[in-house]
Amino acid sequence: MNNDSVVVSKNKPKDLTEWLRYGQITLLGFSAGIPFFLIFSSLSLWLSQAGLSKSTITYFSWAALGYSFKFLWAPLVDRLPIWGLTAFLGHRRGWLLLSQCAVITAIVWMGLTNPQASEGHLTTMAFAAVLLGFSAATQDISIDAWRIEVANERTIAMMSSLYVIGYRIGMITSGAGALFLAAYFGTSAEQYSYEAWRSSYLIMAATMLVGVLTTLLIPEPQTAVKRAVHGVRDYVGILLLFAVFVMVFIVTYRWFSDYASILNNQLVAWFGNQALGDVLSASFRLIVGLAVAVLAAGLIYRSPLVNRKMAQQTYVSPVSNLIQTYRGEAWLLLGIIVLYRVADIVLGVSANLFYQDIGFDLEEIAWVSKTFGLVMTLSGGLLGGFIAKRYGVLRTMIVGAIASAATNLLFMVMAGLGDNLYYLVFLITADNLAQGLSLTAFVGFLSLLVNKEFTASQYAIFSSIMTLFPKILGGYSGSMIDSLGYSGFFLTTAIMGLPAVALLLVAYKQGKFTGK
């Protein structure tokens, strides 16, 4: 497989159908991008204005862990039909419509909840944010599968690029758009207005109708892979297997809270670093929860309640196929995917808090960081496509990884300058160019790695691995800022980007993943 073909399709679309697909994936990308900032930066500013602490606010970023754990239920999206919808719309479109309706429900729920009213309302907001993260991740699974299955090797690069462009436009709508609307309706850092944020989020929910309409108009992919039809009992058994895994993980994770606190205190005593202790103890708690959940799911798997052959096809076959395909390169590929976006994601969780803390208002953040930033990101995507076509995808990824780490150092300078609008423009230009350059090639690269027999499952595995570790670290960014200060935090995130550069250089030197 020539992965250098990932970035740019050299041929023009042959007919109107391809142009329609390009427009459709752009609109679906827009729908996928809407929820992202409603969990991250827009929600962070809302909670900040409501008077919550930085550590509490950044904990809310864990609501988006659904994006990172989506590989757990992506096999269900690959295999299970949706009652009524699958027969009417088809498999992929049925899942798409269901997930989009859930996204709208979650955004409306968040909009109707005032986090300042009481601790109970804050808990309700947390549940709504988790639902949004879960349903948005399910929408991503379905869109990624549709995108890969309707494309071919000639069109996959353009489909991936336009998906990223649509996604970024959706992000700017829920980022800058939500901030503009909230400010227009009367909220600010000095004068909090729940009604303003409510109106903003309800309007954001309405923008999801773009995705719903697109889903009703797109065709169902015609793939060579035929999905086996099973009885209701078999489908219930697979859902039970997933439900047991999730419930046992939640119970174990909560039960180990006290033990994690003891470990945390010991680690802080050893290392003298609160943020490091938080990260290591939380990682221990997560690993224990996953291990116990796997054991519990294994017991259910061996019971008569589960069709073992179907369970193996659903959960085991996608992973075993990946292992067989990339057996000699698995650890190197895994390291690249895990570490590639650490520098960007960990910093990004607290970026808007940083802008507000040093004196920028909502309008300035919206215009420069979101609106102007979108233009720079799209420009970076085009630049990344040109470089990848000219020099190959691995070289482009190396440039992107170096640029992503280096631009984090520019935030250190901003921490010393304060609310300098001209420097903010320069900072956003460099940072978003770097993000756009690296991400466009990376999405297409991952898309061509999957086997279409397991499209949703394998792409979800790749994309989940890509964001899981950075998002776990991102949840502690508030604690890291409290401990290190903004300058120390930005330096730390830049250093976090160096291992990805090293692994990419190793892969390039060994000739891996170049298709040559």
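Residues numbered from 1 in each chain as written. Predicted model: local features only at pLDDT ≥ 70, side-chain atom pairs only at ≥ 80, totals over all residues. Heavy atoms only, no water.

## Some thoughts on the overall build of the chain
Then, number 1: Along its length, the chain carries 23 helices and 0 strands.
Then, number 2: Here the C-alpha atoms of the chain give a radius of gyration of 22 Å, agreeing with the 24 Å that 2.2 N^0.38 yields for 516 residues.
Then, number 3: Dimensions of the chain, computed from the C-alpha atoms along their principal axes, are close to 60 × 55 × 45 Å.
Then, number 4: In the chain, of all internal contacts separated by at least 6 residues, the share reaching a separation of at least 24 is 82%.
Then, number 5: Accessible surface computed for the chain: about 21400 Å², of which carbon and sulfur atoms make up 67%. (Helix = DSSP H or I, 4+ residues; strand = E, 2+ residues; numbered from the N terminus. Rg over C-alpha atoms; globule rule 2.2 N^0.38 Å. Contact = heavy atoms within 4.5 Å. Areas by Shrake-Rupley, 256 points an atom, 1.4 Å probe, with all protein chains shown as cover.)

## Describing the nonpolar core
Then, number 1: The biggest cluster of nonpolar side chains holds 126 residues, and the ones touching the most others in it are Leu 43, Trp 73, Ile 107 and Tyr 355.
Then, number 2: Of all the elements, helix H9 (residues 156-184) adds the most residues to this core, at 12 residues.
Then, number 3: Non-local contacts of Ile 107, meaning those with residues more than four positions away in its chain, are made with Ile 34, Leu 38, Leu 132, Tyr 201, Met 204, Ala 205 and Met 208. (Core = buried A, V, L, I, M, F, W, Y, C linked by side-chain atoms within 4.5 Å. Buried < 20%, exposed > 50% of the residue type's maximum accessible area, 1.4 Å probe, protein only.)

## Some words on the environment of Phe 127
Then, number 1: Considering the arrangement of structural elements, one finds Phe 127 in helix H8 (residues 119-150).
Then, number 2: Along the primary structure Phe 127 and Ile 387 are separated by 260 residues, whereas in three dimensions their C-alpha atoms are 43 Å apart.

## Notes on the pattern of salt bridges
Note that side chains of opposite charge can pair when their charged atoms are close.
Then, number 1: In the structure shown here, the tally under the stated rule is 3 salt bridges.
Then, number 2: The closest approach of N and O atoms between Asp 78 and Arg 92, which form a salt bridge, is 2.7 Å. Within this pair, whereas Asp 78 is found in helix H5 (residues 74-79), its partner Arg 92 is found in helix H7 (residues 91-111), the two being separated by 14 residues in sequence.
Then, number 3: On the basis of relative accessible area, Asp 78 is assigned to the buried category, the value being 4%.
Then, number 4: Arg 147 is the partner of Asp 144 in a salt bridge, and the nearest nitrogen-oxygen pair spans 3.0 Å. Linking Asp 144 with Arg 147, this pair stays in helix H8, spanning 3 residues, or about one helical turn.
Then, number 5: Given a relative accessible area of 4%, Asp 144 falls into the buried group.
Then, number 6: With relative accessibility at 0%, the residue Arg 147 sits in the buried group.
Then, number 7: If you follow the salt bridges from partner to partner, you end up with Asp 78, Arg 92 and Glu 149 in one network. (Salt bridge = Lys/Arg side-chain N within 4 Å of Asp/Glu carboxyl O.)

## Quick notes on the side chain of Asp 344
Then, number 1: Take Asp 344: it is sitting in helix H17 (residues 342-357).
Then, number 2: For Asp 344, which is buried and forms no salt bridge, the nearest opposite charge comes from Arg 341, at a distance of 4.5 Å.
Then, number 3: Of note is the side chain of Asp 344, whose polar atom sits 3.4 Å from the side chain of Ser 404.
Then, number 4: With near-sequence residues (within four places) excluded, Asp 344 lies in contact with Ser 404, Asn 408, Asp 431 and Gln 435. (Lys, Arg positive; Asp, Glu negative; His and termini not counted. Polar contact = N/O pair within 3.5 Å; in protein donor to acceptor, adjacent residues only side chain to side chain.)

## Quick word on the packing of helix H1 (residues 16-39) against H7
Between two packed helices, the angle of one axis relative to the other and the distance separating the axes together describe the packing.
Then, number 1: For the pair H1 and H7, interaxial distance at closest approach is 11 Å and the crossing angle is 30 degrees. On the basis of the axis angle, H1 is roughly parallel to H7. Of the two possible hands of crossing, H1 and H7 adopt the one that is left-handed. Where H1 abuts H7, its residues Leu 28, Ser 31, Ile 34, Pro 35 and Leu 38 lie against Leu 96, Gln 100, Val 103, Ile 107 and Met 110. (Axes fitted to C-alpha atoms, helices over the stretch in contact; angles between N-to-C directions. Parallel < 35°, antiparallel > 145°, perpendicular 65-115°, else oblique. Left-handed = near helix turned anticlockwise from the far one by under 90°.)

## Details of the packing of H1 against helix H10 (residues 194-207)
Then, number 1: Look at H1 against H10: their axes get within 10 Å of each other, and the N-to-C directions meet at 160 degrees. As judged from the angle between their axes, H1 and H10 are roughly antiparallel. The interaxial crossing formed by H1 with H10 has left-handed handedness. Listed contacts from H10 to Phe 30, Ile 34 and Leu 38 of H1 are Tyr 201, Met 204 and Thr 207.
Then, number 2: When grouped by side-chain class, the residues that make up the contact of H1 with H10 number 5 nonpolar, 1 polar and no charged. (Nonpolar A, V, L, I, M, F, W, Y, C, P; charged D, E, K, R; others polar.)

## Side note on helix H21 (residues 455-474)
Then, number 1: Helix length check: H21 (20 residues) gives 28 Å between terminal C-alpha atoms against 28 Å at 1.5 Å per residue, within 8%.
Then, number 2: At Leu 468, H21 is bent by approximately 30 degrees, the largest bend along its length, and proline Pro 470 sits one to four residues beyond.
Then, number 3: The buried fraction of H21 amounts to 18 of the 20 residues, a majority that puts the element mostly inside the structure. (Expected span 1.5 Å × (residues − 1). Bend = angle between axes of the 7 residues up to and from the residue.)

## So, the environment of Ser 404
Then, number 1: Within the secondary structure, Ser 404 sits in helix H19 (residues 393-417).
Then, number 2: Under the relative-accessibility criterion, Ser 404 is labelled buried at 5%.
Then, number 3: Setting aside anything within four residues of it in sequence, one finds Ser 404 in contact with Ala 343, Asp 344, Ala 434 and Ser 438.
Then, number 4: A distance of 2.9 Å separates a polar atom in the side chain of Ser 404 from the backbone oxygen of Gly 400.

## Considering a nonpolar patch on the surface
Then, number 1: Taken together, the side chains of Trp 270, Phe 271, Leu 276 and Leu 280 define a hydrophobic patch exposed on the protein surface, amounting to about 420 Å² of accessible area.
Then, number 2: Those elements giving two or more residues to the nonpolar patch turn out to be helix H13 (257-271) and helix H14 (274-301). (Patch = residues over 30% accessible without salt bridge, like charges linked within 9 Å, V, L, I, M, F, W, Y side chains within 5 Å.)

## Things to note about the packing of aromatic side chains
Then, number 1: Per the counting criterion, the structure on display carries 22 aromatic pairs.
Then, number 2: When the centroid spacing of 5.9 Å and the interplanar angle of 85 degrees are considered together, the rings of Trp 19 and Tyr 22 count as edge-to-face. Of this pair, Trp 19 and Tyr 22 both sit in helix H1, separated by 3 residues, roughly a single helical turn.
Then, number 3: Since its relative accessible area comes to 53%, Trp 19 is described here as exposed.
Then, number 4: The exposure class assigned to Tyr 22 is buried, which follows from its relative accessible area of 6%. (Phe/Tyr/Trp six-rings, centres within 6.5 Å; stacked < 30°, edge-to-face > 60°.)

## Looking at the environment of Val 244
Then, number 1: Here Val 244 shows up in helix H12 (residues 232-255).
Then, number 2: Classification of Val 244 by relative accessible area gives buried; the value is 18%.
Then, number 3: In this structure, the C-alpha to C-alpha distance between Val 244 and Ala 296, residues 52 residues apart in sequence, is 7.1 Å.
Then, number 4: Apart from the residues within four sequence positions on either side, Val 244 is in contact with Ala 296, Ala 297 and Ile 300.

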